[in-house]
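Chains, contacts and geometry: an overview
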Amino acid sequence: MKKTVFALLSFLILAISLLVNGGTEFKEGKNHIFYLYSASSNATIRRLDENSVRYSVFLGEKRGESCEIAESDLPNVLKRLKAEPVFNEMGEFFENNYYYSPKIKGNIVIKGQRINLHVSKRDGKIYIASPLNFGSF
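Notes on the structure in this doc start here. (Residues numbered from 1 in each chain as written. Predicted model: local features only at pLDDT ≥ 70, side-chain atom pairs only at ≥ 80, totals over all residues. Heavy atoms only, no water.)

Helix and strand counts for the protein come out as three helices and nine strands. Its helices and strands in sequence order give the protein the pattern α-β-β-α-β-α-β-β-β-β-β-β, from N to C terminus. Considering only contacts within the protein whose residues lie at least 6 apart along the sequence, 51% involve residues at least 24 apart. (Helix = DSSP H or I, 4+ residues; strand = E, 2+ residues; numbered from the N terminus. Contact = heavy atoms within 4.5 Å.)

Structure below.
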């Protein structure tokens, strides 16, 4: 009886956490990419369709993620995550903004500062990632 109650309670907790978190920090985004096993460019990359993102759980494998986000959603996401700007860099065809959020687990160090949120603007699109966008974003 105790094992059955424990199993049901565990399942209920897992189900609630999926509905609340949905496996992603960026529920507003589209074209989600998850970085598994490593928070660097040698991570295993898994692309998920929008139906799969909400219920994806990687059980400790996820080390980062990225997605495309609407410009109108960006201020709300940054506010929800309590993201503080750290620094930015710009070029002729791109803009990168780096943030630290106490609500996102983990971080990397760039220029001696902790970073765990990266917003890239390029070709009229905005990409948001944790800890960084990898590849040709």
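Direction of pairing for strand β4 (residues 84-90) relative to strand β5 (residues 94-100): antiparallel, over a ladder of six bridges. Paired with Glu-84 across the two strands is Tyr-100, which belongs to β5. Count of turn residues in the β4/β5 antiparallel hairpin: three residues. One ladder, built from six bridges, connects β5 with strand β8 (residues 117-122); its direction is antiparallel. When the sheet's bridge partners are listed, Phe-94 is paired in β8 with Arg-122. (Pairing = 2+ DSSP bridges.)

Next up on the list: a nonpolar patch on the surface. A surface patch of nonpolar side chains, amounting to about 300 Å² of accessible area, comprises Leu-9, Leu-12 and Ile-13. Note on placement: Leu-12 falls in helix α1 (residues 2-21). (Patch = residues over 30% accessible without salt bridge, like charges linked within 9 Å, V, L, I, M, F, W, Y side chains within 5 Å. Areas by Shrake-Rupley, 256 points an atom, 1.4 Å probe, with all protein chains shown as cover. Salt bridge = Lys/Arg side-chain N within 4 Å of Asp/Glu carboxyl O.)

To continue, consider unusual backbone geometry. Ser-130 connects to Pro-131 through a cis peptide bond whose omega is -5°. Here Pro-131 is to be found in the segment after β9 (125-130). Backbone geometry places Lys-82, a non-glycine residue, at a positive phi of 55°. Mapped onto the secondary structure, Lys-82 falls in the loop between α3 (74-80) and β4. For Lys-111, which is not glycine, the phi dihedral falls at a positive 55°. With respect to the helices, strands and loops of the structure, Lys-111 is situated in the loop between β6 (108-110) and β7 (113-115). Given the relative accessible area of 66%, Lys-111 is considered exposed. (Buried < 20%, exposed > 50% of the residue type's maximum accessible area, 1.4 Å probe, protein only.)

The subject of this paragraph is the side chain of Glu-68. Along the chain, Glu-68 falls in strand β3 (residues 62-69). An unpaired buried charge is present at Glu-68: no salt bridge exists, and Lys-30, the closest side chain of opposite charge, is 4.1 Å distant. Side-chain polar atoms of Glu-68 contact the side chain of Asn-31, separated by 3.5 Å. Beyond its immediate stretch of four places on either side in the chain, Glu-68 contacts Gly-29, Lys-30, Asn-31, Lys-125, Ile-126 and Tyr-127. (Lys, Arg positive; Asp, Glu negative; His and termini not counted. Polar contact = N/O pair within 3.5 Å; in protein donor to acceptor, adjacent residues only side chain to side chain.)

We now examine the environment of Lys-27. In this fold, Lys-27 is placed in the loop between α1 and β1 (30-36). Note: C-alpha distance between Lys-27 and Val-77 (50 residues apart in sequence) is 9.0 Å.

In this section: the environment of Phe-87. Here Phe-87 is to be found in strand β4. Not counting residues up to four positions away in its chain, the partners in contact with Phe-87 are Asn-96, Asn-97, Tyr-98, Ile-110, Lys-111, Gln-113 and Ile-115.

With that out of the way, let us pick up the environment of Gly-106. Looking at the secondary structure, you find Gly-106 in the loop between β5 and β6. Separated by 10 residues in sequence, Gly-106 and Asn-116 place their C-alpha atoms 6.8 Å apart.

Worth remembering: the numbers are spatial, not functional.
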